[in-house]
Amino acid sequence: MRHDELGLVRLKRRADFLRVARTGRRHAAPGLVLQVADGRAESGRAGKGVEASVDASVGIGFTASKKVGNAVARNRVKRRLRAAVTEVMPKHAAPGRDYVLIGRKATLRRPYADLLADLLVALRRTKSLAPGNGKQATP
RNA sequence: CCAGACGGCUGGACGGUCGCCCUUGCUUUAUUGUGGGGGAGGAAAGUCCGGGCUCCACGAAAAAACGGUGCCGGGUAACGCCCGGCGGGGGCGACCCCAGGGAAAGUGCCACAGAAAGCAAACCGCCUGUCUUGCGAGGUAGGUAAGGGUGAAAGGGUGCGGUAAGAGCGCACCGCGCGGCUGGUAACAGUCGUGGCAGGGUAAACCCCACCGGGAGCAAAACCGAAUAGGGAUGGCGUGUCGGCGCCGGCUUCGGCUGGAACCUGACAGGCGUGUUCGCGCCGCCGUCCGGGUAGGUUGCACGAGGCGUCCGGCAACGGACGUCCCAGAUGAAUGACCGUCCAGCGCCGCCAAAUAUGGGCCGCGGCGUGGACAGAACCCGGCUUACAGGCCGUCUGGCGCC
RNA sequence: GCACCCGUAGCUCAGCUGGAUAGAGCGCUGCCCUCCGAAGGCAGAGGUCGCACGUUCGAAUCGUGCCGGGUGCG
């Protein structure tokens, strides 16, 4: 995976999403829904042998159901969420956890600044803000 | 200028910050770093047809069944697609629409109404003969289908002749059937003769005829291949009884008898679970190897019925020759996120000219706001269908005005 | 990627094969019954038959194309 310096790893397996949905905490913001699960998924780890950075990495998954709209709308929702994640998560997300972001209908038209704020609020409400940078919220 | 018909093209532009996928040069232990190049559509959609490709089946079959197609000719790899024509219908017109084979092979159906709904017949009628008669009419034997009425549809239509009344009974025109001739590759059209009307509609009812179709689908298919469970082979360890081979001890008439321990081998037992019974199922532990094969990965996978240009043939669809180009390859699925400026468009406000006032409006100018349709490749092509803010171009038709 | 199914009253469904009246139950409204309510009885309202085009004298029904919802297989 390319995200090594950021510590971000994409979740790609259905089992990972199900694990986060079953065991995790969730918070619904106007622009998105965040689910957090403690611990990293087995299949998402960056290789079995590598040991040091495993626990510090952050798993990220995106979901947009058919309720959001057609394929164009779903893809656009996931792209906006991905852009928001690369901006926020490396600095503010607690490491060693899996996060799943669920797109909503409002994600499509919500202003980008509000979307970033939604993500920070969701992190705080799920007690997943990184301890060091918790205070300095929006950049 | 207005209204309309048809065909085609396009479907935001530029810049900044941060990113994604593929490919390639150099570099690196390393897809680590860095530079170059490329990166959605006309419908990528719906999945309605036709192919390529792969596997399965098979006799290069054929037939049945089932499904589909259905005027003629051409195009094409093929098609249910396209082009040209024919016939029918609509429109003043440009033009548009049509599942458009067969109803004299057979079966079914045609409600209600009506006498009768398909072999023809006759309810009210009309006419003739005859009988009765109270002179109004009625009965009866026939002729008839013009008129009435019902219906979506009543066994050609209109007119004239004709007749007791009528009737293709006769004639003219129209329609229809049959036969010939002419034109056309053909569908078909025209024309001549003839028949005297026979054959109602429905095949998007069954059906008949002609033609087409083997099945599945890139999650096809090929290769590599963990972990776990299970399968096979093999080695070691392991419970009881009995038999067998060999070993040891005792006795011996040397033929045997008897006792013992471990191991090999065969058979049976046994144990556990379930069940009322019959019965059924399972049989241990460790190691090595093998095959099938899952997750996962690689290939398939992008040079193709390919794009563009010129010329030639053809009314056209399209075909041919030459030149030139390489043009997406993702897989929780890349091709973007955010911001600024502009350009169309839309809305509001303001300005403006003639001899004046009031009101309204077009073009133009200025300001502010708003603001970019439908939609995302998933093996690949050819079509069809559906969605689509707007903008542009060409050809043509009708109307108005001017020269 | 395939293979199918269903859209009819507010809800659940019949009617479609085989064409001609659009129906049933629950619900709703009014009246009766009761001191009041429930139950019961009587009466009534309520329908683009998903949409469009076509075939037919006639379409909920037949044909074609769309729209929406759902199911199964790999």
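Residues numbered from 1 in each chain as written. Chains lettered and ligands numbered in written order. Predicted model: local features only at pLDDT ≥ 70, side-chain atom pairs only at ≥ 80, totals over all residues. Heavy atoms only, no water.

Focus: helix α1 (residues 14-23)
Restricting attention to buried positions, one finds in α1 the residues D16, F17 and V20. Angular distribution of buried residues about the axis of α1 spans 100°; they occupy a single face of the element. In this structure, α1 carries R14, A15 and R22 as exposed residues pointing more than 90 degrees from its buried face. In this fold, the buried residues of α1 make contact with β3 (32-38), β4 (58-63) and β5 (97-103). (Buried < 20%, exposed > 50% of the residue type's maximum accessible area, 1.4 Å probe, protein only. Helix = DSSP H or I, 4+ residues; strand = E, 2+ residues; numbered from the N terminus. Arc of directions from axis to C-beta. Contact = heavy atoms within 4.5 Å.)

Re the pairing of β3
Extensive coverage of β3 is indicated by the burial of six of its seven residues. Relative to β3, strand β2 (residues 25-28) runs antiparallel, the two sharing four bridges. Looking at β3, one finds that R25 is bridged to V36. In this antiparallel pair of consecutive strands, β2 and β3, the connection spans three residues. Judged from the seven bridges that link them, β3 and β5 form a sheet pairing that is antiparallel. Paired with A37 across the bridge in β5 is D98. (Pairing = 2+ DSSP bridges.)

Read these as geometric descriptors, not functional statements.
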